[in-house]
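Chain residues, written in single-letter form:
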Amino acid sequence: MKWLKLFLKLALLVLIVMQFIRPDKNQEGNYESVQPFLNETKPIASVEGILKESCFDCHSNQTRYPWYAEVAPVSYWLSDHIKNGKRHLNFSDWSSYSVKRKDHKLEELIEMIESKEMPLDSYTWTHDEARLTDTQIKAIMTWAKAARLQYGIKAEAH
């Protein structure tokens, strides 16, 4: 019983200390960092809105944080989740990608949306507005496939 009390006290202490040592937030201003991506791929307004609601929080340098992101250990989990998402695809880094990589990223986006692997369930549980309807999925697929055409043409020209 003494070990349990000691463990619980230690766990409480760790949780309290974690509240004061926070991970860095993923916020570089507003959504200006994704503008090169939007300018190049030219999504229609409805698709741009879907990307903002369902993708940019984890796949750009701008995240809208919910209130509970201020509470550890959730803050650490979110930070890790965002870093992982940006490692796979960061719309804010789009202009630094090669033509081949841009084409591949859009191909992966199509696969992930089509298979409904994205957005993640863990994200849509707390962001109901990020759930994609079949109509939204179709709109994203149409846009992404059209956007890929320009990279296929550019890749052949080089």
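The rules we used
Residues numbered from 1 in each chain as written. Predicted model: local features only at pLDDT ≥ 70, side-chain atom pairs only at ≥ 80, totals over all residues. Heavy atoms only, no water. Patch = residues over 30% accessible without salt bridge, like charges linked within 9 Å, V, L, I, M, F, W, Y side chains within 5 Å. Areas by Shrake-Rupley, 256 points an atom, 1.4 Å probe, with all protein chains shown as cover. Salt bridge = Lys/Arg side-chain N within 4 Å of Asp/Glu carboxyl O. Helix = DSSP H or I, 4+ residues; strand = E, 2+ residues; numbered from the N terminus. Phe/Tyr/Trp six-rings, centres within 6.5 Å; stacked < 30°, edge-to-face > 60°. Lys NZ or Arg CZ within 6 Å of the ring centre and 35° of its normal. 1 Å grid on protein atoms, 1.4 Å probe; cavity = no way out; pocket = protein on both sides within 12 Å on 5 of 7 lines; lining within 4 Å. Points joined across faces, edges and corners; volume = space filled by probe spheres on them. Nonpolar A, V, L, I, M, F, W, Y, C, P; charged D, E, K, R; others polar.

**Considering a nonpolar patch on the surface**
Alright, step 1. Side chains of Leu-10, Leu-12, Leu-13, Val-14, Ile-16, Val-17, Phe-20 and Ile-21 sit close together on the surface and give an oily, nonpolar patch of about 800 Å² of accessible area.
Alright, step 2. Relative to the elements of secondary structure, Ile-21 occurs in the loop between α1 (2–20) and α2 (35–41).

**Quick word on the pattern of salt bridges**
Alright, step 1. Under the criterion given, the structure shown has seven salt bridges.
Alright, step 2. A salt bridge links Lys-105 to Glu-108, with the shortest nitrogen-to-oxygen separation between them at 3.6 Å. Residue Lys-105 and its partner Glu-108 are located together in helix α6 (residues 99–114), separated by three residues, close to a single helical turn.
Alright, step 3. As a salt-bridge pair, Lys-116 and Asp-134 come within 3.4 Å of each other at their nearest N and O atoms.

**Considering the packing of aromatic side chains**
Alright, step 1. For the structure shown, the criterion picks out seven aromatic pairs.
Alright, step 2. On the basis of an interplanar angle of 65° and a centroid distance of 5.3 Å, the ring pair of Phe-56 and Phe-91 is categorised as edge-to-face. Here Phe-91 lies in the loop between α5 (74–88) and α6 and Phe-56 lies in helix α4 (residues 56–59), a separation of 35 residues in the sequence.
Alright, step 3. Connected via pairs of aromatic rings, a cluster forms that spans Phe-37, Phe-56, Phe-91, Trp-94, Tyr-97, Trp-143 and Tyr-151.
Alright, step 4. The aromatic ring of Tyr-97 is capped on one face by Arg-101, whose charged end is 4.1 Å from the ring centroid.

**Points about the layout of surface pockets**
Alright, step 1. One number sums up the size of the largest pocket: a volume of about 450 Å³.
Alright, step 2. Around the largest pocket, the lining comprises 21 residues; the ones closest to its centre are His-59, His-88, Leu-89, Met-112 and Met-118.
Alright, step 3. Elements with a contribution of two residues or more to the lining of the largest pocket: α4, α5 and α6.
Alright, step 4. With six residues, α6 is the largest single contributor of residues to the lining of the largest pocket.
Alright, step 5. The residue inventory of the lining of the largest pocket, partitioned by class, reads 11 nonpolar, six polar and four charged.

Such coordinate-based values are descriptive only and should not be taken to indicate function.
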